Structure formats: C-alpha cells, structure tokens
Amino acid sequence: MKRRQSAALDRKKLLKDPVLLITIIILIVALLLFVLYPLLILLVDSIWQEGHFTLGIFESVLHLGRFQTAFWNTVRAGVITGLLSTLLGLLFAYVDVYVRLRFRILERLFNVVSMLPVVSPPFVLSLSMICLFGRSGLVTRQILGIYDANVYGLVGIVVTQTLTFFPVCYLMLRGLLKNIDPSLEEAARDMGASRWKVFWTVTTPLLLPGLGNAFLVTFIESAADFANPMLIGGDYDTLATTIYLQITGAYDKQGASAMAVVLLSLTILMFIIQKYYLESKTAATLTGKASRERMRITDKSVTFPMTMLCGLVSIFVILMYAMVPMGALFKLWGRNYALTLDHFKYIFTYGGLAAFKDSALLSVIAAPITAILSMIIAYLVVKRKFKGRGFIEFVSILAMAVPGTVLGVGFIRGYSNGMFRTGFLQGIYGTSAILIIAFVVRSLPTGTRSGISALRQIDKSIEESAYDMGAGSGKVFMTVTLPLIKDSFFSGLVTAFVRSITAISAVILLVTPRWNMVTVQINSLAEKGNYGEACAYATVLIIIVYAAVMLMNLFIKYFGTSRVRRQK
Amino acid sequence: MAKEKKGIRLEHVSKIYKDPKTKKDFYAVKDVSVEIEPGSFVTLLGPSGCGKTTTLRMIAGFESPDEGSIFLGGERIDELTPNKRDTAMVFQSYALLPHYNIFDNVAYGLKIRKVPKEEIRKKVIDILELVGLSGMETRMTNQLSGGQQQRVALARALVIEPGVLLFDEPLSNLDAKLRVSMRTEIRRIQQEAGITAIYVTHDQSEAMSISDQIIIMKSGVISQMGTPQDIYYHPVNEFVADFIGDANFLKGKVVSHAGETGTMEINGNHVEVSGCGHVSEGSEATLVLRPESIHLEDAGNIPCDVVLSCFMGAYQNYHVMVGDTKVAITDYNPRGKKIYQVGDKAFISFKPETAHVLQASE
Ligand SMILES: Nc1ncnc2c1ncn2[C@@H]1O[C@H](COP(=O)(O)OP(=O)(O)O)[C@@H](O)[C@H]1O
Ligand SMILES: [Mg+2]
C-alpha cells in the first residue's frame, strides 16, 4: 500500500502555512548550528589533523596520565554520588509516601530541601562545605579543634554533589511510589510477609527501573558538574575540570576536544540507557494511578529512625545553605566572627554591580528566548506532524545530556574561527551573543520537557477547533496554545533565568573581559581563598534567584491556568 | 443564513494508517465515493472503528487522503489546510477554548475573519439566540452543563457560516434524555440555517431521527447509502439489517418467483414473499423480518414454539423458535389480543411486502 499521496498532500499543506514552515526551518537550523554542529566539530577536531584522518590525538590523550586519572575520577565520583543520591532520595520518598509524619514541620522541611538546589547557584554547597569543614572550618577548627582538616577531594565532591542532586531523586521516586497500587503490598502483608519482606519483594522490584533511572540521571549530573569539583575537588580532577584546565592552562584545544568527546560519549551513553531503556520499563511496571489512599505506617520502631534520619539530613542541608550568608557577614572566617558588611561593600566597590548587571541582563535576554522556543518545540512535537519532528524532539532533549563544559569547548572550536574555520558566524564569538546562545541551549531541554508534559494534558481538538475556524498556525499558537500552558511557559521563563544566571561551566570558557559574570567572579574569588567575598556574591545571587522564583509562584497563583478546567 | 450551501463529493477516497501494534498498514477508509447534496443532512453511521471520524477529518482537512479526492462546492480541496476550508466542525469533546467566555468562543472565528466589531456583536447575539443561550455571553465554559457546551460548540461553528457543518458524535457525552432532545434541536437548527451537514454517530436511532440520508460504514467501506426508510426496509446485507433496527434472519431457498413476488422455502414450509426478484429460482436466500412486522397466529405456514412471552406495556415481546432459529416478535397494542404463553405452539405470519429477501452471499 502506498501512502505517498497523503505525504505529498501534507507537504503541500505545510508549504501553504508559511508561519509553520519558517518556524520549523528556523528551529532546525538553530539546533543544527548551536547543538549538533559544536558537538560534531569536537569529534572532527579530535580525529582530523592538517587535512588528514588520524587517531593520534585520541591516542595521545588516552595515554595521558592526567586524562586517565580524570576519567576514573569522574566515573568514581559519579557512581558514588549516584548511589548515595538515589538511596537518600529513596529514603525521603519512602518517608514522604509511606510514613505517617507526626510533625507537620517535617513536610515543610522536605519542601524546603527539595526547593533549595533549584534556587541556588551550583557551587553554594562547596562554599559552605569549606566554611564548615575546611581548614578554618567552623566545625573542624572551631568545634573539634582540628587544624589540618582536608575537605578537598573525593569526599568533598561526593558530599556536595549528593546534597545537591538527591532532591531530584526524591522527587522522581516520590512520583513512582505514589503510583504503586497499595493493594499489591497489602496483599503480600495479608499473606504474612513482614514489612521488610514486602519492601524487598514487592516495592523494590517495582521500583527497580526507577532507581536505575535516578542513579543514571544523577551520574550524568555529577559527571557534568564543573563548579563543585572546581571549588572543592582539590587535586581530585574530573573530566570537566581537566578539560577546562587543558584549554585555559595548557592551551591544548585539540586535546580538550578529544577529552570533551569522551565526556560527552559517557553522558550520552548513560542518557540513552536512561531514556530509551529504563524509562519505558518504568512506564511498563507502574501504570496508572494508585486506586486509593495508602495506609500509612505508624509503627514507631519504623517511623522514628526514618523520620529522625530525614530530619537530620534536612537540617544539615539547610544549615549548609545558611552558611553562605553567614560567611558573607563574618569579618574573617575562622579568625574573626565579628559581624560586618565589609564583604558586601567590597564586592560592590570592585565590579560587583557590573557583574550582577551583566549576568542579569544576559539572563533576562536568554530567558524569554528559551521559554518561547521550548513552548514552540513542545507544541510542534505534541500537536503537529511533519518531517523533522523526530529530529527536533531528539536534539532538544539530547541537549540535556551535554555537559556545559563540552558545549563551551564546542563553541570555542566551532566558532572562534567561524564555522568550519571559514570565518562564517565568527562575529558571534567573544560577544554576548554566544553567551546568550549557551544559556538558551543549556536551559532548553528542561523547558521543552515541561512544555511537552503540559501540552499532553490538553485535548488535541481544542487547537484543532481553532485551526478549523480559520486561524493559521501562528494564531492558534498565540491565542490558544500559549494561554493554555502559560503556567508552564512562565515557570520555563523563570527556570531559564535561574539556570542562566547561575550557570558557570560553559560560561567560564566563553566569557570575555567585556562581560563580567557573577558566577565567574565567585569562582575566581573562591580560588583565591577570598571566601567572604565569594559568599557575599553568592548571597546576593541567591536572593535574586529566590525573588524570581517567588514572583513565579505569585504569578501562577493569581494568573495561572490551574483554575481553568483542563479537558482530557 | 449560510452564504451558500455547498455540496460535498468524495471520489474513491481512501486512508491508510499504520497499526501501532502490528506495524502493518491497513485501510482505515477504503474507496469511499459519495455525493452529498447542498443543504442535506447526511449521517455516517457504523460501529466504532469503522472509519467515520477519519472520513470526517479528511473532509475537514486534518488528515490527507491516500487515494482519491474531495470536492467542496465543486472545488477540489485536497491541498487546502483546515483553516482555509469552508467547513466547521463540532467536536465530540466540544473543544471549547477554556480561557475564553462564551461570547469570545463564538466570536473567535469572526475575529479571525476580521469582521467589524459591531457586526461580530450582532452575529454572536443572534446565533446564541438560535441555539437558546441568550444572556449567557459572559459565562466561562466551565460554568456550563454538557448540553450548553454543546450548544456553544454548535453556535461557534454556525456563526462563521460554513459551506458545510461537520459533527463528530456530538451527543455521545450527554445523558440519554438530553441526547434525544438535543438531536431534534440540531435538526431544527440545521433546517433553519439551511446548511449542509455531515454527522457522525454510532447510534442508529440518532441517525434515523435526524438524517435525510444515512451512509452505513463497516471496516472502512460503505455498506449502503440511502434514506432512513430505504435502509430500514431494503437493507443490502445482514450487517446493515442488523445494525439499523432489529432484524430476524430466516435462512431458506427461493423456490419460484413471478416478477418481484415469489415463494420461499423455510424449514420445508413454503411462504409467500415479495421483493425477491433479484434472487434466481432455486438459490439460497435469507429472509429479513422486522420484529414488528410479524404476528403469531393459531394457523399458518411456518410453525414455531414460544420460548419467551413478556408484557412490556406498549407491546408484547415474544421469542419463538422456528426450527433452530430464534425469532423476536414485537406485537404492539396487545390489549384484547390473544397472548401466547411460553410452551405454546403457534405459527408466524407476515405480510409478503414487509419481508425483505437477501441473496445468500457466501
Ligand atoms: N492516527 C491514527 N493512526 C493509526 N490508526 C488510526 C489513527 N486514527 C484512527 N486509526 C484507526 O483507524 C480506524 C478508524 O478509526 P476512526 O475513523 O476513528 O473510527 P470511528 O470514528 O468510526 O470509530 C480505527 O481502527 C483506528 O484505530
Ligand atoms: Mg470516531
């Protein structure tokens, strides 16, 4: 049977819809230019030398002791962080879903803890780790009297990354646990199985793909993390930091490209396993909603240790975050705990204001671009069918697995001499444009994901009806789609802003003296050991981000679509 | 009210889909050719999955046919996008725009067409009056009952004065009582507006009560097209006969015929039938009898055993066995008539002209 006629007609219809056609073309070109091309050029760069194909660069890089150490360091930190985050996330999720909490305050704590990593710059926990457990740490020196405490290295990385990433696991696993039908477990209990037995024989097998999912997501985040290893890694170099040093220290761009290819392969491999293997399994084992409310565990011998543990972890996390403003307010950490505003004064006298202005300006430009692009992509992916739809969806979600450092190197290699070294588009290199593009690419996947899931909940025929009544594609999108997903749009806007203003991994490679980014400032201050100033920057940054998130919540509360009926 | 009633013509239209499970292509709609007169009300009727929605969506432009062409008002529309076609669809889920109030929902199509504000106002008010929603302009859609939402969906489609109105099971989300009153309402409005309508349903009584013409579909293919009477009295096969109303099938043989009338042999008994001119003498045939056209009598040609006798008020419901075949009988106005009891022996009788003969196909 031939489906050629409908394909031809669909093509003709598309050609008669210039808005749609142009949008699709622009999107595909943008994704090619700013996601695929920079990644491909890295590969080309590392196998193509002076007009010849060569594996020499890879060979020498792979034999580089520094690289081998960094590779295994990345894997080791990723595995440990992944395991710890998954376990901690599971504990929190289990307590949240299964245990009757005796104190309301615990629920609040859980919320705060899962919120904090979202609103904080990536390296905040490293800063506070140093403040608490470093050489002049509050705990190590002040309380325990240890003068040569060494928080730098694997332990520091693992602790900070775990505390940063476990909330993501918690939220993922909570969703899954809520979907387990309680009657499955009750049936097992009924047959005489103990609670442990039920957990191991019923809950865990159902959850296994989800746990794998959480582990891989964390692994990818950990491997891609630049800020924490940079600040607290000490001699423990990971791939992300090594690539950075390879470019800024050794000026070996080809070596950096080869390393970036390795790091990218690692994260993409994990991403593909996670996305195409585990996610379908999770969906297969846990379908539908739980049929009714679950009987919460009230047995004290279970609830007490669990809630205690979660409570302690939560308090510790909150304490860690509280360290940052404190670090900014004390005169000299470790020596002089007199309160002062000196650090704030210092940063605002020496370029701080400009840094905040630059960071905020570029983020404010990037955020709406990201938000609107991700909603358009979501709309096209969910509601329209056309050639190239699969490509758009794949590439914009794939960007999730691209570490910022890799993207940064890709942009350098791809655009510093123009595309394919022809000088084409060279103009964007070293300008704010490339920073904005990096921001957009980095936040696009999250926005697209949230847009897609929001749109899937809206009856397809609502848009079709508008289309049917004569509105063109652009009009349908503006008057129907966007108003219906404005919650998702607005949260995408704020998320993009937050991610951009707190971004460092790609930015630090692309930034020029003309632009003064806050995160870069914090990094260099912390490197020099000026923790007071670094904390002052971070505090102001947290306040800005927190304000943006509050604004978003207010907006959604008063203008959100939640009150408008969602049709199935 | 419509600017211009338009006819619709489908010429050998097919649509091929890929079955998501088996990954095989199949015809969801196959070689459908119909001609719909301007101003008429035509229903696509068939069981779920037979391709009704697909056909409608091809007319609206949401799907493109794999074979054949579609003409609207004489003009070929295959390459037009839905927003450029002179059609308006009423969706099963109503598909109202939830962020607009009723007025804005109805005005949407007019605004797209850049109709002057004053005119929009007037048209919307008029159309809301036609569908019986006057004074509700500022309500939000989620403050309406299902029936009212349905009316808004209808008003919204009518107000742009399309050449043809398309309905996809518009009443299936309403309760039974409302369904009955809404369908009369839809018919009234269609007549008043004088607009061509294509209506999809799987409910045969809805189709019968509302349509000028019914198109019966099965597995993507048209089984029969005709007026409700045509289809009810002269079904072309057992599927149609059974789908429209209730039918009894008695297998037998045409013994002889003279013109249209003739004699059939059923279980060794001879009966007189009409409308068997198309079946050659001596060949197998099926006698189609509607339950209300059969009577029970004490004497006759075809003997039967009563296995169910049930008083339903307006009628007496019998099930009788003719040989191995169960026959349902609806005897209206049972008062004062002889009532047969379970276990009684009787004979079935019918007027020759109420019978319909199908040539055995296999
Ligand atoms: N987009 C699609 N892809 C694949 N199969 C489809 C699609 N839409 C409908 N079908 C199939 O085509 C057949 C006809 O569907 P439809 O026209 O919706 O039937 P109806 O409206 O008569 O119930 C069904 O078997 C249905 O599963
Ligand atoms: Mg249908």
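These lines cover the structure that appears in this document, whether it is placed above or below.

The rules behind the values
- For every chain, the first residue of the written sequence is number 1, and numbering continues from 1 onward in sequence order.
- To label them, take the chains in the order written and letter them from A, then take the ligands in the order written and number them from 1.
- At least 70 in pLDDT is required for a residue's local features to be given in this predicted model, at least 80 for side-chain atom pairs to be given and counted, and no such filter applies to totals for whole chains, interfaces and linings, which use all residues.
- The basis for every side-chain value is the complete set of heavy atoms in the structure, and neither hydrogens nor water enter the calculation.
- Here a strand is any run of E in DSSP of at least two residues, a helix any run of H or I of at least four, and the numbering for each starts at the N terminus.
- Buried, partly exposed and exposed residues are distinguished by accessible area as a fraction of the type maximum, computed with a 1.4 Å probe on protein chains only: under 20%, between the cut-offs, and over 50%, respectively.
- Surface accessibility in these figures is a Shrake-Rupley result with a 1.4 Å probe; residues are shielded only by whichever protein chains are displayed.
- In this tally, Asp and Glu contribute negative charge and Lys and Arg positive charge; neither His nor the terminal groups of the chain are included.
- Where a charge lies is defined by one atom per residue type, namely NZ (Lys), CZ (Arg), CG (Asp) and CD (Glu).
- Only centres within 6.5 Å qualify two rings of Phe, Tyr or Trp (six-membered ring in Trp) as a pair; their planes then separate them into stacked at under 30 degrees, edge-to-face at over 60, and tilted for everything else.
- We call a charge positioned above a ring when the Lys NZ or Arg CZ atom is no farther than 6 Å from the ring centre and deviates by at most 35 degrees from the ring normal.
- Throughout this document, a residue counts as near a molecule or strand when at least one of its heavy atoms sits within 4 Å of that molecule or strand.
- As used in this structure description, the phrase polar contact means that two N or O atoms lie within 3.5 Å; if the pair is within protein, one of them must be able to donate a hydrogen and the other to accept it, and residues adjacent in sequence are counted only when both atoms belong to side chains.
- Throughout, the ten residues Ala, Val, Leu, Ile, Met, Phe, Trp, Tyr, Cys and Pro are labelled nonpolar, Asp, Glu, Lys and Arg are labelled charged, and all others, Gly among them, are labelled polar.
- Buried and open spaces are told apart on a 1 Å grid over the protein atoms alone, a cavity being a set of points where a 1.4 Å probe fits but cannot get out and a pocket being an open set with protein on both sides within 12 Å along at least five of seven lines. Residues with an atom within 4 Å of a point are the lining residues.
- Grid points are joined across faces, edges and corners, and a volume is the space filled by probe spheres set on the points.
- The salt bridge definition used is simple: a Lys or Arg side-chain nitrogen within 4 Å of an Asp or Glu carboxyl oxygen.

Quick notes on the overall build of chain A
Of regular secondary structure, chain A possesses 25 helices and four strands. Within chain A, buried positions represent 56% of all 568 residues. Counting only carbon and sulfur atoms, one obtains 66% of the accessible surface of chain A, whose full area is about 25,000 Å². Positive and negative side-chain charges of chain A, numbering 53 and 30 respectively, have mean locations separated by a distance of 6 Å.

Some words on the packing of aromatic side chains
Evaluated as defined, the whole model comprises 33 aromatic pairs over all chains. Relative to tyrosine 98 of chain A, the ring of tyrosine 94 of chain A has its centre 4.3 Å away and its plane inclined at 10 degrees; by these criteria the two rings are stacked. Here tyrosine 98 of chain A and tyrosine 94 of chain A lie together in helix H4 (residues 65-98), a separation of four residues that amounts to about one turn. Of the two residues examined, tyrosine 94 of chain A and tyrosine 98 of chain A, each falls in the buried class. Relative to tyrosine 233 of chain B, the ring of tyrosine 232 of chain B has its centre 5.5 Å away and its plane inclined at 75 degrees; by these criteria the two rings are edge-to-face. Judged by its relative accessible area of 15%, tyrosine 232 of chain B falls in the buried class. Site record: aromatic cluster; members linked through ring pairs are Phe34, Tyr37, Phe411, Tyr415 and Phe420 of chain A. The aromatic ring of tryptophan 515 of chain A is capped on one face by arginine 514 of chain A, whose charged end is 4.2 Å from the ring centroid.

Points about the site of ligand 1
All names here are of chain B. Residues in contact with ligand 1, as listed here, are Tyr17, Lys18, Phe26, Ala28, Ser48, Gly49, Cys50, Gly51, Lys52, Thr53 and Thr54. Glycine 51 is positioned such that a nitrogen or oxygen atom in its backbone is 3.0 Å from an oxygen atom of ligand 1. One nitrogen or oxygen atom from the side chain of threonine 53 is found 2.5 Å from an oxygen atom belonging to ligand 1. For ligand 1, the protein covers 63% of the area, taking 560 Å² as the surface of the free molecule. Only strand E1 (8-18), strand E2 (25-36) and helix H1 (52-60) provide two or more residues apiece to the shell around ligand 1. A total of three residues in the shell around ligand 1 trace back to one element, the largest contributor, which is H1. A breakdown of the residues in the shell around ligand 1 according to their chemical character gives four nonpolar, five polar and two charged.

Some remarks on the layout of surface pockets
Residues and elements named next belong to chain A. Here the second largest pocket defines a volume of roughly 890 Å³. Looking at the lining of the second largest pocket, the elements that each hand over two or more residues are helix H1 (4-15), helix H16 (352-383) and helix H20 (460-468). Counting residues per element, the lining of the second largest pocket draws most heavily on H1, at six residues. Within the lining of the second largest pocket, the residues separate by chemical class into ten nonpolar, three polar and 16 charged.

Thoughts on the pattern of salt bridges
Evaluated as defined, the whole model comprises 27 salt bridges over all chains. Of the charged contacts, one joins aspartate 78 of chain B and arginine 76 of chain B as a salt bridge, the two residues approaching to 3.1 Å between their closest N and O atoms. Look at aspartate 78 of chain B and you get buried, because its relative accessible area is 3%. Under the relative-accessibility criterion, arginine 76 of chain B is labelled exposed at 51%. The salt bridge involving aspartate 298 of chain B is made with lysine 338 of chain B; its shortest N-O contact spans 3.1 Å. Highlighted residues: aspartate 298 of chain B in the loop between strand E15 (295-297) and strand E16 (302-311) and lysine 338 of chain B in the loop between strand E18 (325-332) and strand E19 (345-349), separated in sequence by 40 residues. Here the salt bridges do not stand alone but share partners, grouping Lys385 and Glu464 of chain A together with Arg57 and Glu63 of chain B into one network.

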